Amino acid sequence: MKKVLFFNRGFFSISETFIYRQVMALEGVFDISLLAFRFENREQFALSTTRKFLVPARKSLPDRFLTAALRRMGFRYSFTRRIDRDVSRIISSAGIELIYAHYGWSALLIFPLAKRLNIPLIVSFHGKDASASLRKSGYREHLPELFGYCKAIVVSSEHMTDTLALSKWMQKVRVIRYGVDTNEFKPKGSISSDKVRLVHSGRVVPKKGVPDLMRVFCRLSKVYSDLELHILGEGSELGLCRQIAID
């Protein structure tokens, strides 16, 4: 059974159920280990056979000063020498044969180590790491070398191949779209209401387009009187959405 290491800065934030589902689906298919700076929500996201390793903390004052200095010099996407050595020991002792990094910044962080140990690397992009983060030159300029080394580059849409400028590495690109298990969202009992209720669940921030959704719904509701729209979430555009609802 192939030994695969999943690396991310953290596992599993409440909004990253897609990563949890991926690991769950691959348990039993691969011998999986997780490596991160932190593990959250352990009770909600339980795993039966997956091993968990913490990146050794930067405890000493010299370590912290060195990390801060490296970040100021533009080496944000690299471990300190001691952490690199400790993570290398973890990977070697676990016999890791493949590293799968979630998010571009996590891939950049572990890439030098994967290259030195000659371990294949796969990177999966999810959102901000293929959009807003690209405005940071220190991040953007390191990506071509990462793409050159990676065995596969996973994106969730063709649009990401454009924003990441992946035309040179298209043979490595795999478009895997996010999906929802609709069986988990069946109503309990019979539906007696004469209303069709639509629910949007997510952050109310510009990239999600919630105000646009509401404007379209307002137009539809003038034609179909049996529609209801419910918005679940918080964010910077919540006030705007409330104003649209009032108007």
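Worth saying up front: this structure is predicted, and the values here are computed from it rather than measured.

Asker: Looking at this structure, I do not really get the packing of aromatic side chains. What am I missing?
Answerer: What describes a pair of aromatic rings is the distance from one ring centre to the other and the angle between the planes of the rings. Overall, the coordinates contain 12 aromatic pairs when judged by the stated rule. Ring geometry for Phe11 versus Phe39: centroids 6.1 Å apart, planes at 25°, classification stacked. Residue Phe11 is found in strand E2 (residues 10-11), and its partner Phe39 is found in strand E4 (residues 38-39); the two are separated by 28 residues along the sequence. Put simply, the rings of Phe11, Phe12, Tyr20, Phe39 and Phe45 touch in pairs and so form one group of aromatic residues.

Asker: Please explain the side chain of Lys172 as it appears in this structure.
Answerer: With respect to the helices and strands, the residue Lys172 is situated in the loop between helix H7 (158-163) and strand E9 (173-175). There is a polar contact of 2.8 Å between the side chain of Lys172 and the backbone oxygen of Phe147. Not counting the four nearest positions on each side in its chain, Lys172 is found in contact with Phe147, Gly148, Tyr149, Cys150, Lys151, Ala152 and Ile153.

Asker: Can you help me understand helix H4 (residues 104-117) in this one?
Answerer: One full turn of an α-helix is made of 3.6 residues, so residues set three or four places apart face in the same direction. A rise of 1.5 Å per residue sets the reference length of H4, with its 14 residues, at 20 Å; its end C-alpha atoms lie 20 Å apart and thus fit the reference within 8%. Counted residue by residue, H4 has 10 buried out of 14 residues, so it is predominantly covered. Within the span of H4, buried status applies to Gly104, Trp105, Ser106, Ala107, Leu108, Leu109, Ile110, Phe111, Leu113 and Ala114.

Asker: Where do I start with the environment of Val196 in this structure?
Answerer: Within the secondary structure, Val196 is located in strand E10 (residues 196-201). Residue Val196 is classed as partly exposed on the basis of its relative accessible area, which comes to 39%. Leaving out residues up to four positions away in the same chain, Val196 has contacts with Asp226, Leu227 and Glu228.

Asker: Looking at this structure, how should I read the sheet that holds strand E8 (residues 152-155)?
Answerer: Within a sheet, each strand pairs with its neighbour through backbone hydrogen bonds, oriented either parallel or antiparallel. Ordered in space as E5-E3-E1-E6-E7-E8-E9, the 7 strands form an open sheet in which the pairing is parallel. Each having just a single partner strand, strand E5 (51-54) and E9 make up the two edges of the open sheet. Adjacent strand axes in the sheet meet at a mean angle of 20° when their direction is disregarded. Direction of pairing for E8 relative to E9: parallel, over a ladder of 3 bridges. Bridge pairing links Val154 to Arg174 in E9.

Asker: What exactly am I supposed to notice about the environment of Gly233 here?
Answerer: Locating Gly233 in the fold gives a position in the loop between strand E11 (227-232) and helix H9 (238-246). Taking C-alpha positions, Gly233 is 6.0 Å from Ser201, a pair spaced 32 residues apart along the chain. Filtering out sequence-adjacent residues up to four positions away, Gly233 remains in contact with Gly202, Val204 and Leu238.

Asker: What exactly am I supposed to notice about the packing of helix H3 (residues 81-93) against H4 here?
Answerer: For any two helices packed against each other, the geometry comes down to the angle between their axes and how far apart the axes lie. Packing of H3 against H4 brings their axes to within 11 Å, and their N-to-C directions diverge by 55°. As judged from the angle between their axes, H3 and H4 are oblique. Viewed along their axes, H3 and H4 form a crossing whose handedness is right-handed. Residue-level contacts link Asp84, Val87, Ser88 and Ile91 of H3 to Ile110, Leu113, Arg116 and Leu117 of H4. Each residue belonging to the contact of H3 with H4 can be placed in one class, and the counts come to 5 nonpolar, 1 polar and 2 charged.

What counts and what doesn't
- Residues numbered from 1 in each chain as written.
- Predicted model: local features only at pLDDT ≥ 70, side-chain atom pairs only at ≥ 80, totals over all residues.
- Heavy atoms only, no water.
- Phe/Tyr/Trp six-rings, centres within 6.5 Å; stacked < 30°, edge-to-face > 60°.
- Helix = DSSP H or I, 4+ residues; strand = E, 2+ residues; numbered from the N terminus.
- Polar contact = N/O pair within 3.5 Å; in protein donor to acceptor, adjacent residues only side chain to side chain.
- Contact = heavy atoms within 4.5 Å.
- Expected span 1.5 Å × (residues − 1).
- Buried < 20%, exposed > 50% of the residue type's maximum accessible area, 1.4 Å probe, protein only.
- Pairing = 2+ DSSP bridges.
- Axes fitted to C-alpha atoms, helices over the stretch in contact; angles between N-to-C directions.
- Parallel < 35°, antiparallel > 145°, perpendicular 65-115°, else oblique.
- Left-handed = near helix turned anticlockwise from the far one by under 90°.
- Nonpolar A, V, L, I, M, F, W, Y, C, P; charged D, E, K, R; others polar.

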